[in-house]
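# Coordinate analysis (summary)
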Amino acid sequence: MYTGIGASAGIGIGSVVVVKEPSLAYNNVAISDVAAEKARFNEALEKCIAKTQAMAEDMKTRVGEKEAEILEGHVLLLMDPEMSSQIESNIENEKMCAEAAVEQTCDLFAQMFSSLEDEMFQQRATDVCDIKTRLLKILLDVEDVDLASVPEGTVLVAEDLTPSMTAGINPANVAGVLTEIGGKTSHSAILARALEIPAVLSIEGIVSKVENGQKVVLDGTSGHVFLSPDEATLAEYTEKREKYLEEKAALAAFIGKESSTADGRVVELCANIGKPEDALKVVECDGEGVGLFRTEFLFMDRPQVPTEDEQFEAYKKVAETLEGKPVIIRTLDIGGDKEIPYLGLGKEENPFLGFRAIRLCLQREDLYRPQLRALLRASAFGDIKIMVPMVTCVDEFRAVKTMLKEIMAELDEKSIPYNKDIKVGIMVETPAASLMADVFAKEADFFSIGTNDLTQYTMAVDRGNPDVAYLYSTYNPAVLRSIERVIKAGKEGGAMVGMCGEAAADPLLTPLLLSFGLDEFSVSATSILATRKTISLWTMEEANAVAEKAMSMATEAEIQEYLKSVAK
Ligand code: PEP
Ligand code: MG
């Protein structure tokens, strides 16, 4: 058995087709007619742009807009004057043939991108290599590998599955994909997931280990791959495959359905996102809104603070993608385990208990005011709500509301539109906020319970320390009592109460959360349908009975065992 990165879920069973790129060897001799060689390059470039545009169009109709954006990015790179003028200067000054000039320039750009740490730049390097291959093929008049006509039940094995190759794939015939490079967020992974083809990536040397026609089984979740599997493995994975497909079909039945219990109590089912682009996935997975947009990722992915306008565009994009559905945007939650090197914050003895989130923002108005202004401006384009993280005292929340009022007055003065009735709420993720929930409920429009931190702070256990991980469990009666109290106090005080910590997607906790009266569940986009299904399996009477019994128990182990025994 081999193990790689499980990058697209599902079980693939089929026969290997090795995808080998044709030779792109060329005669590397000095040229004499510079003008003719430049013309040859420019003609190839034009053809390449047209071809890539056509591929993007095809991708848009067959797969989706987001996936087409990858190829549209290639078009922009091809049109980049910096790259083409570098190629032309290689032809003119170095007397290189067009092929050599293209190869050298693209390799230089790819090297430059891959030397940068950021994953996005690593991906750019792959894109440049893909473009290089496409340009060389046009210059050398070499045919593309035709993946459109592979037989049914094919498992493609390639060094990398580039967007150009994927564009031609017919998903009905491809049972799986195995590659030597790429990770969960590489374009090959994104495309495999969009086409719903099971894929395992980053399996060292896989191309040389297989031969055409060889039987193969792959598990796109665990990353396991079996070459020439024995009868028992084949039978085991055939059964797993059927089960996976059945479950997937059963979940698809929940698309477009209301999120409600078996006896009709309706709740809201939203999703957590980290980047504006993730909003599309929420819509695809039938989310009813965004329950948590972690804006710190906008600040983490780059070398300097995003400007107010950049933030405005990001928030507006999410609001518009959600088309009027609620979008809860959390203001900057840095510190703890989320570092932003360029802010130059000092090292702390206890970062989780230190200068983080709202504590930092209230002292760094240069960071906070532009974010609040961007959020208010974007609120004119959808149902944006503002959420404040790591609140411990009412004063902190009041300070934010005062700042918002001041910014609103500035916007009024300049006649800049925003939602004057914008809802402002808090994350309840500290014991202090939980104990003061009744007071906060009178001041905040909504709560969202952050169980990831609430568990950490309630149990006084570092959420990342393996030595005390046994204490880090939301099933602890202390944490559950806190959650129950927050939900009840919040609702009594008139605040909508949601949950955006991981516990919201835990099927064992669903009956308890329903019984406590949770209004909104916010989970990862891929957990939306499974959570909707779990909610639909419970009546309130059953959920109340489970909650009553669980809440009478004294230990984490007892509660967990009991919840497992009654899980649906
Ligand atoms: C939480 O603490 O539960 C939460 C949702 O926030 P984060 O995981 O970003 O700290
Ligand atoms: Mg948190």
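Relevant structure appears above.
To start, this report covers the structure provided alongside it. Here the structure is a predicted model, which means the values were calculated and not measured.

## Section: the sheet that holds strand β2 (residues 5-8)
- Ordered in space as β1-β8-β7-β3-β4-β5-β6-β2, the eight strands form an open sheet in which the pairing is mixed. Each edge of the open sheet carries a strand with a single partner, namely β1 (2-3) and β2.
- Relative to strand β8 (residues 224-227), β1 is paired through two bridges, and the arrangement is antiparallel. Residue pairing in the sheet places Thr3 in a bridge with His224 of β8.
- Along the sheet face, helix α7 (residues 187-194) touches β2 and β6 (199-201) and points at about 50° away from the line of β2.
- Seen against the sheet, helix α9 (residues 231-252) touches β3 (11-18), β7 (215-219) and β8 and runs at an angle of roughly 120° to β3.

## Here's the deal with the site of ligand 1
- The full set close to ligand 1 counts 13 residues, and Arg294, Arg330, Lys338, Gly450 and Asn452 are the nearest of them.
- At 3.3 Å, a backbone N or O of Gly450 approaches an oxygen atom of ligand 1.
- Protein chains shield 98% of the accessible area of ligand 1, which is 290 Å² for the free molecule.
- Broken down by secondary-structure element, the contributors of at least two residues to the shell around ligand 1 are β10 (290-294) and α18 (451-458).
- Ranked by residue count, the leading element in the shell around ligand 1 is α18, at three residues.
- Each residue belonging to the shell around ligand 1 can be placed in one class, and the counts come to three nonpolar, four polar and six charged.

## Thoughts on the coordination of the magnesium ion (ligand 2)
- Bound to the magnesium ion (ligand 2) on the protein side are Glu429 (OE) and Asp453 (OD), at distances that span 2.1 Å. With a gap of 24 residues between them, Glu429 in the loop between β13 (424-428) and α16 (431-435) and Asp453 in helix α18 connect regions that are remote in the sequence.

## Here we look at the sheet that holds strand β12 (residues 383-388)
- Taken in spatial order, the eight strands of this closed barrel run β9-β10-β11-β12-β13-β14-β15-β16, and their pairing is parallel. Going across the sheet, the axis of each strand differs from the next one's by a mean of 30°, ignoring polarity.
- Pairing geometry for β12 and β13, over three bridges, is parallel. Bridge pairing in β13 places Met387 opposite Gly425.

## Looking at the nonpolar core
- Tyr315, Phe447, Ile483, Leu512 and Leu563 are the most contacted members of the largest nonpolar core, which totals 95 residues.
- Among the elements that make up this core, the one with the highest residue count is helix α15 (residues 394-413) (eight residues).
- Setting aside anything within four residues of it in sequence, one finds Leu563 in contact with Tyr475, Leu508, Leu509, Leu512, Val546 and Ala550.
- By size, the runner-up hydrophobic cluster in this structure holds 31 residues, among which are Cys48, Ile49, Leu78 and Ile138.

## Some points on the environment of Arg359
- Structurally, the position occupied by Arg359 is in helix α13 (residues 357-363).
- Taking the C-alpha atoms as reference, Arg359 lies 54 Å from Ser89; in sequence the two are 270 residues apart.
- Non-local contacts of Arg359, meaning those with residues more than four positions away in its chain, are made with Leu353, Gly354, Met390, Thr392 and Glu396.
- For Arg359, the side chain forms a polar contact with the main-chain oxygen of Leu353, separated by 3.3 Å.

## Notes on the environment of Leu345
- Here Leu345 is to be found in the loop between β11 (326-330) and α13.
- Along the chain, Leu345 and Phe355 lie 10 residues apart, while their C-alpha atoms are 8.9 Å from each other.

## Things to note about the packing of aromatic side chains
- A full pass over the atoms with the stated rule returns three aromatic pairs.
- With a centroid separation of 5.1 Å and an interplanar angle of 50°, the aromatic rings of Phe226 and Tyr237 are classed as tilted. With Phe226 in strand β8 and Tyr237 in helix α9, this residue pair connects regions lying 11 residues apart in the sequence.
- Plain terms: the ring middles of Phe293 and Tyr315 are 6.0 Å apart, the flat faces sit at 80° to each other, and that makes the pair edge-to-face.

## Here we look at unusual backbone geometry
- Its identity is not glycine, yet Asp141 carries a phi of approximately 55°, on the positive side.
- Judged by relative accessible area, Asp141 falls into the exposed class, the value being 71%.
- Positioned with a positive phi, Asp286 is a non-glycine residue whose angle comes to about 65°.
- Position of Asp286 relative to the elements: it lies in the loop between α10 (278-284) and β10.
- Given the relative accessible area of 18%, Asp286 is considered buried.

## So, the environment of Asp309
- With respect to the element layout, Asp309 can be found in helix α12 (residues 308-321).
- Put simply, Asp309 and Pro370 are 61 residues apart on the chain and 8.7 Å apart in space, counted from C-alpha to C-alpha.

## Thoughts on the state of the cysteines
- For the structure shown, the criterion picks out zero disulfides.
- Unpaired in this structure, Cys48 has its nearest cysteine sulfur neighbour in Cys106, at a distance of 9.2 Å.
- Cys393 provides the cysteine sulfur closest to Cys361, a residue in no disulfide bond, and the two sulfurs are 15 Å apart.

## Describing the side chain of Arg294
- Positionally, Arg294 belongs in strand β10.
- Despite its burial, Arg294 remains without a salt bridge, the nearest opposite charge being carried by Glu296 at 4.6 Å.
- Contact partners of Arg294, with chain neighbours within four places excluded, come to Asn272, Ile273, Gly274, Arg330 and Asn452.

## Describing α9
- Along its 22 residues, α9 runs 31 Å from first to last C-alpha, staying within 8% of the 32 Å computed at 1.5 Å per residue.
- For α9, the full list of buried residues reads Thr233, Leu234 and Tyr237. One side of α9 carries all its buried residues, which in axial view fall inside an arc of 90°. Residues of α9 that are exposed and angled more than 90 degrees away from the buried face: Glu231, Ala232, Glu239, Lys243 and Glu246.
- Check the buried side of α9 and you find it contacts β3, β7 and β8.

Reading the values: the criteria
- Residues numbered from 1 in each chain as written.
- Chains lettered and ligands numbered in written order.
- Predicted model: local features only at pLDDT ≥ 70, side-chain atom pairs only at ≥ 80, totals over all residues.
- Heavy atoms only, no water.
- Pairing = 2+ DSSP bridges.
- Helix = DSSP H or I, 4+ residues; strand = E, 2+ residues; numbered from the N terminus.
- Contact = heavy atoms within 4.5 Å.
- Axes fitted to C-alpha atoms, helices over the stretch in contact; angles between N-to-C directions.
- Near = heavy atom within 4 Å.
- Polar contact = N/O pair within 3.5 Å; in protein donor to acceptor, adjacent residues only side chain to side chain.
- Areas by Shrake-Rupley, 256 points an atom, 1.4 Å probe, with all protein chains shown as cover.
- Nonpolar A, V, L, I, M, F, W, Y, C, P; charged D, E, K, R; others polar.
- Donors = N, O, S within 2.8 Å, 3.2 Å for Na, K, Ca; no water.
- Core = buried A, V, L, I, M, F, W, Y, C linked by side-chain atoms within 4.5 Å.
- Buried < 20%, exposed > 50% of the residue type's maximum accessible area, 1.4 Å probe, protein only.
- Phe/Tyr/Trp six-rings, centres within 6.5 Å; stacked < 30°, edge-to-face > 60°.
- Disulfide = S-S within 2.5 Å.
- Lys, Arg positive; Asp, Glu negative; His and termini not counted.
- Salt bridge = Lys/Arg side-chain N within 4 Å of Asp/Glu carboxyl O.
- Expected span 1.5 Å × (residues − 1).
- Arc of directions from axis to C-beta.

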